[in-house]
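If you want the building blocks of each chain, they are given just below.
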Amino acid sequence: MSSTMSQAESPAGVDPGALLVRLLDLWTCKDLQGLRAEACRGFSGLAEPLVGLLEVLGGCPGAQRGRASTLGQVVLGEFQRWRGAQQPPVGLEGVSGALVPALQSTALGLICDGQPGYMEPLLDIYQLHTLHRSLLLQHVTHLWDSTAFREAAMLATKLDLQADLDMEKMCVPLVLHDKFPLVEAYVKSHPHLQEALVSMLDAWCTPHFSLDTLRSQYPAVCLSKHQADLMQPKLIIKHVFRLMDKFNIDPAKCSNSVHKRKLDSLRFLMAMHFREGRMSEENWSDHVQAMVEGSMELQVYLVECVCRYGSVRQAAEWARCYDLPRNRLPVGVWDTLQSLPPAQTGVAPVSGASPDCWSLSPDDGQRYYQLPVARGNVHFLSTLEQLEPCRHTLLQPGTVVGVDMEWRASFGTGGRQRVALIQLAVSGSVFLLDLCAAGFSQDPQTIRFVRDLLANKSILKLGYGMSGDLRSLVATWAELSEQPIKVEGMLDLLHVHQKMQMSRRGCEGGRRGVEVAVCEGGPEKGLSLLVQQVLGKPLHKQEQLSNWERRPLRQRQICYAAADAYCLLEVFWVLQEDPAHYGLPADLCSIGPAPTHNSAPTQEQRNQDKTARDKGRRGGRKMKDPGAPRVCAVSPRSGGGDSVGEGEGPGQGEGPGQGEGPFVAPQELRVVCDNMLQGLGRYLRCLGVDVLILENDDDHRVAAKLARTEDRVILTSGQPYQTLKSQVGEGRCLALDCGERAREQAVQVLRHFRVRPTPQHVFSRCQACNNDEYLRLPQSSMAQLMKERGLLPDEAIGSDAQWEGPDEAPPPYSSGRRPPAPGFAPHCRWAPEGVLERPTLALPGGATLQLHTVPPALLPRIADFLVCTRCGKVFWEGSHFDRVLSQFQDVLHITEHTPTPTTPSH
């Protein structure tokens, strides 16, 4: 503490030192309510509250094991509440001008002395932004030199000092420690820093990048093995593309990442065409041309792949197309090229192309859904004159319109997906709006027509997973971002499809008239599966990955686009005729979205939810969680669905209590977390959820395989979501914000699947191996085993010895557990004591009991030890159990009438 703030200079009134002693006593006794009351009385009695506050904070202890917050943070929080209730508010205006600089310097010193939790309130109370900029920069530098990289970046961000600091120096340690949310906050509102950050990360994606070289430039940065593993080029590229999209940075400035991603995309296209045969020659040719354009390295790689997977002749044709030099071609390609008949350079070869017919072949016509509309009634619109009949037909009250959109697949190579074609189907006709026609697409009349159609309540719009279509539409027309589109009268058949699934599985006691398998691993999925289940035949999806930006479109592309929209009408008509047969309500438009969105709620929404819950607690009444789902829950076996944008369709306005589904136990939810969400996986496992967690070097496809074979839901984040979502059934992949803390992510998952954990579920699974079977060993048995193996001194235990209790009673549990608190009795499977082979300590799972991990001093305080029968780890009740109860008290089902659980039998 600065000498200017010594006790001798403290004004008369309540002694800050005496107040600190009283607060420390209450803090030690964990009397939080009494501490708050005493703090409020003390602040009111201080002659100079701002002076006394700093003295109290200067004497508060730092972080303590087993406590989520510090005494100083609690005191600051109470001071903020007390300060806000004063009239006039307490501030620097009431302090002597000569004392203000000393107060500010002391407050800044507290922040820089290892108390980051003080930062936000002290910046506000003492108006630290008014200090001289050079002084603030000195403190930021001091923090960085003290290896407090996180605190240095936070202080610089809150005081807006980024312009005077070296971005690379400030951000590299944070990136190495995987603190990307903080890095993104640091460069927010600074476009030149955003561009510099992305360029720096892109430079790390070169083959010559060495993590060891980078670490040598920052010797003070210590990395764990996990953090070092995250510096793989593949993971860095994901961050580059995510930030490139978030900050709207030109992909040309990220050449290394784009090049590597295009290489991966070329491999994918090769597999789709040559190995799996799921892409026609024309579509494949269109995509590879776009992929390799302007890059000789990619063009050479294309020729090499075609030579490997196709034929030498095809490779020679592609080599001639790009006029590649002889020394870059594989063996044999140049000689074959010389023997080819003359052809124009720059024209891509298309061999074996099938005829461009409107109708499907007879064989395909027997297997797939066929568009029941003549070619003459499918209208391709690219001018305002052509749009007028469409407007007159569709904008009539009572019209039912099937809506779909197509865009060119980017295969993860960056750039926002922009709509190339809008399909609008009505009975007997289909209208295709060409958004690649620049004059037509950007004309205000075209945009106004689409806006009017989507906003008209009297027109029923049918879609399937419309949220993705609407996001691409907003990316296409900037006007929709500036003036958000209001969608009314939209029925998303994805939600209807999910309702059918829930009915089949008996989630709502509905009639099980139809076998629906939205989330099961059949050959069809999504809309194609719905069409198959309702109309008898799936959609023909060969043109799904077409280049929808090419003009003119092929006849088969036009037919596919029209069928995609028209099938929505036919499905709706069939379901409307007999909804009960499919387990649906009579009013299909009453079917709303799944309980929660697949994307995480915003920070503002979470703050509103927390405020509402806090008000409910302060008011002494039980209040319905505003964040809870308001429609029937989806079983964890079925997962949730795609979300629809705000205001998109019916069901959004259902009141509380309507259609609520039952809660499920944690062990009923089976998930697999990708390697970006390992912290989330550990939290969920801690609460009893059946969780598999990918290792750092596991490919994301492993998650899809586990989800299909073991009936699990994938939890992922960022770019892998779209890829994984396409490999599993609808609703079997949930995307979370990787910028959120693992605890907040866990709460979102629990609420999404309506999982209600209880204290009995905490640690009901082994935190190391996910096993849910324990062997209970009483204190005497554990002590005897340790003595037999020399882990206890001979005199420590005798046959009739009684262990003495600790010198003082254990401290009470925190306020996270309300009395009477349940004891630690996990809801798990129990193994009989006989399964342990005492001579070898072998367990049924093949592991051995890890006796050496049990501290001998712990034995007097623990009555029972739990041993995982699969890996041999030993667990016991300690402060961690109480800490988990405190962290998850808002989702744990704890009431005053919660009985102490009985030990379940094996």
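Since this is a predicted model, take the numbers as computed values, not measurements. (Residues numbered from 1 in each chain as written. Predicted model: local features only at pLDDT ≥ 70, side-chain atom pairs only at ≥ 80, totals over all residues. Heavy atoms only, no water.)

Draft legend 1. Spatial organisation of the overall build of the protein. Each helix and strand counted, the protein has 35 helices and 14 strands in total. Expressed as a percentage of the 906 residues in the protein, the buried residues total 51%. The contacts of the protein with a sequence gap of at least 6 include a subset with a gap of at least 24, amounting to 70%. When the accessible surface of the protein is summed, it comes to about 41600 Å², and 50% of that surface belongs to carbon and sulfur atoms. (Helix = DSSP H or I, 4+ residues; strand = E, 2+ residues; numbered from the N terminus. Buried < 20%, exposed > 50% of the residue type's maximum accessible area, 1.4 Å probe, protein only. Contact = heavy atoms within 4.5 Å. Areas by Shrake-Rupley, 256 points an atom, 1.4 Å probe, with all protein chains shown as cover.)

Draft legend 2. Structural view of the pattern of salt bridges. For the coordinates displayed, the defined rule picks out 35 salt bridges. Here E151 ties to R150 by a salt bridge, and the two come within 3.6 Å at their closest N and O atoms. The shortest N-O distance in the salt bridge between D286 and R550 comes to 3.0 Å. Of this pair, D286 sits in helix 16 (residues 281-292) while R550 sits in the loop between helix 27 (526-535) and helix 28 (555-577), and the two are 264 residues apart along the sequence. One network of salt bridges, with partners in common, ties together R670, D690, E710, R712 and R765. (Salt bridge = Lys/Arg side-chain N within 4 Å of Asp/Glu carboxyl O.)

Draft legend 3. The nonpolar core, seen in detail. Counting residues in each nonpolar core, the largest one holds 89 residues, and the members touching the most others are Y126 and L201. Ranked by size, the runner-up nonpolar core spans 43 residues in total, among them Y369, A420, L527 and A562. (Core = buried A, V, L, I, M, F, W, Y, C linked by side-chain atoms within 4.5 Å.)

Draft legend 4. How the structure looks around the sheet that holds strand 11 (residues 773-778). Strand order in this open sheet of four strands is 12-11-13-14, and the pairing throughout is mixed. Each of the sheet's edge strands pairs with one partner strand only, and the pair in question is strand 12 (829-831) and strand 14 (874-875). Summarising the sheet, strand 11 and strand 13 (residues 864-868) pair through five bridges and their orientation is antiparallel. Opposite P778, over in strand 13, you have D864 as the bridge partner. (Pairing = 2+ DSSP bridges.)

Draft legend 5. Inspection of the pairing of strand 2 (residues 400-407) at higher detail. Strand 2 sits mainly inside the fold: seven of its eight residues count as buried. Where strand 2 lies against strand 3 (residues 419-426), six bridges are found, and the strand directions are antiparallel. Pairing of G402 across the sheet is with A425, part of strand 3.

Draft legend 6. Representation of the packing of aromatic side chains. Following the criterion strictly, the structure yields 13 aromatic pairs and no others. Centroid distance F43 to W82: 5.8 Å. Interplanar angle 50°. Geometry classified as tilted. Of this pair, F43 sits in helix 2 (residues 32-45) while W82 is found in helix 4 (residues 71-85), placing the two residues 39 residues apart along the sequence. Between F865 and W876, the ring centres sit 6.0 Å apart and the planes meet at 70°, which makes this aromatic pair edge-to-face. Note that F865 is positioned in strand 13 and W876 in the loop between strand 14 and helix 35 (879-887), a separation of 11 residues in sequence. What makes F865 buried here is its relative accessible area of 0%. Sitting over the ring of F241, R261 keeps its end group 4.2 Å from the ring centre. The ring of W830 has R776 sitting right over it, with the charged end atom 4.2 Å from the ring centre. (Phe/Tyr/Trp six-rings, centres within 6.5 Å; stacked < 30°, edge-to-face > 60°. Lys NZ or Arg CZ within 6 Å of the ring centre and 35° of its normal.)

Draft legend 7. Local environment of the sheet that holds strand 7 (residues 670-673). The strand order across the open sheet built from four strands is 8-7-9-10, with neighbouring strands paired in parallel fashion. Unpaired on one side and paired on the other, strand 8 (690-693) and strand 10 (733-735) mark the two borders of the sheet. Neighbour-to-neighbour, the strand axes of this sheet turn through a mean angle of 25°, independent of strand direction. Sheet analysis places strand 9 (residues 713-716) next to strand 10, joined by three bridges and oriented parallel. (Axes fitted to C-alpha atoms, helices over the stretch in contact; angles between N-to-C directions.)

Draft legend 8. A look at the side chain of N675. Mapped onto the elements of the fold, N675 is located in the loop between strand 7 and helix 30 (678-686). Here E695 takes part through its backbone oxygen, which lies 3.2 Å from a polar atom of the side chain of N675. Contact partners of N675, with chain neighbours within four places excluded, come to L694, E695, N696, D698 and H700. (Polar contact = N/O pair within 3.5 Å; in protein donor to acceptor, adjacent residues only side chain to side chain.)

Draft legend 9. Geometry of helix 4. Taking 1.5 Å as the rise per residue, helix 4 with 15 residues should run 21 Å; its terminal C-alpha atoms sit 21 Å apart, in good agreement. Every buried residue of helix 4 is listed here: L71, G72, V74, V75, L76, E78, F79, W82 and R83. Among the structural elements, helix 1 (16-28), helix 2, helix 3 (49-59) and helix 6 (119-125) are those in contact with the buried residues of helix 4. (Expected span 1.5 Å × (residues − 1).)

Draft legend 10. Inspection of unusual backbone geometry at higher detail. Residue P552 is bonded to the preceding R551 through a cis peptide linkage, with omega at 0°. Of note in this structure, D178 is not a glycine but carries a positive phi near 60°. Looking at the element boundaries, D178 is found in the loop between helix 9 (167-176) and helix 10 (180-187).

Draft legend 11. Just helix 23 (residues 444-455), in detail. Compared with the 16 Å implied by 1.5 Å per residue over 12 residues, the 16 Å span of helix 23 between its first and last C-alpha is a close match. Every buried residue of helix 23 is listed here: T446, I447, F449, V450, R451, L453 and L454. Where helix 23 begins, one side-chain oxygen reaches toward the backbone nitrogen of Q445, 2.8 Å away; that side chain belongs to D443.

Draft legend 12. Spotlight on the packing of helix 30 against helix 33 (residues 742-752). Across the interface, helix 30 lies against helix 33 with an axial gap of 8 Å and an inter-helix angle of 60°. Comparing the axis directions of helix 30 and helix 33 gives the class oblique. For helix 30 against helix 33, the interelement crossing comes out right-handed. Here G679, L680, Y683 and L684 of helix 30 lie close against helix 33, whose contacting residues are A742, R743, Q745, A746, V749 and L750. Classifying every residue of the contact of helix 30 with helix 33 by side-chain character gives seven nonpolar, two polar and one charged. (Parallel < 35°, antiparallel > 145°, perpendicular 65-115°, else oblique. Left-handed = near helix turned anticlockwise from the far one by under 90°. Nonpolar A, V, L, I, M, F, W, Y, C, P; charged D, E, K, R; others polar.)

Draft legend 13. Inspection of the environment of N547 at higher detail. With respect to the secondary-structure elements, N547 resides in the loop between helix 27 and helix 28. Along the backbone, N547 and W284 are 263 residues apart, and their C-alpha atoms lie at a distance of 8.9 Å. Setting aside its immediate chain neighbours within four residues, N547 contacts N283, D286, H287, R408, L553 and Q557. Only 3.4 Å separates the side chain of N547 from the side chain of R408, close enough to count as a polar contact.

Draft legend 14. Geometry of the packing of helix 5 (residues 100-112) against helix 7 (residues 133-145). Contact geometry for helix 5 and helix 7: axes closest at 10 Å, N-to-C directions at 20°. Relative to helix 7, the element helix 5 is oriented roughly parallel. You can see that helix 5 and helix 7 cross each other, and the crossing is right-handed. Contact with helix 5, carried on its side by L108, I111 and C112, involves L136, H139, H142 and L143 of helix 7 and no other residues of that element.

Draft legend 15. Representation of the pairing of strand 4 (residues 429-434) in the model. For strand 4, a buried count of six out of six residues is recorded, marking the element as mostly surrounded by other parts of the structure. Neither face of strand 4 is left uncovered, since the one carrying S429, F431 and L433 and the one carrying V430, L432 and D434 both have all their residues buried. By the bridge criterion, four bridges tie strand 1 (residues 378-381) to strand 4 in an arrangement that is parallel. Within strand 4, the residue paired with F380 across the bridge is L432. Summarising the sheet, strand 3 and strand 4 pair through six bridges and their orientation is antiparallel. Pairing of L424 across the sheet is with F431, part of strand 4. Counted between consecutive antiparallel strands, the loop separating strand 3 from strand 4 contains two residues, among which G428 sits at a positive phi close to 90°.

Draft legend 16. Looking closely at the environment of F274. Considering the arrangement of structural elements, one finds F274 in helix 15 (residues 255-275). As a C-alpha pair, F274 and Y309 span 35 residues in sequence and 6.4 Å in three-dimensional space. In this view, F274 contacts W284, Y309, G310 and Q314; residues no more than four positions away in its chain are not counted.

Draft legend 17. The state of the cysteines, seen in detail. A full pass over the atoms with the stated rule returns zero disulfides. Left unpaired, C254 is separated from the closest cysteine sulfur, that of C205, by 8.8 Å. Exposure remark for C254: the relative accessible area of 1% places this residue in the buried category. (Disulfide = S-S within 2.5 Å.)

Draft legend 18. Highlighting the confidence of the model for the protein. Per-residue pLDDT for the protein has a mean of 80; in total, 80% of the residues score no lower than 70. Of all helices and strands in the protein, the one with the weakest mean pLDDT is helix 29 (residues 603-618) (46), whereas strand 4 scores best (97). Overall, residues 507-522 carries pLDDT values under 50, and its contacts beyond four positions in sequence, including any with other chains, amount to 37 contacts. (pLDDT = per-residue confidence, 0-100.)

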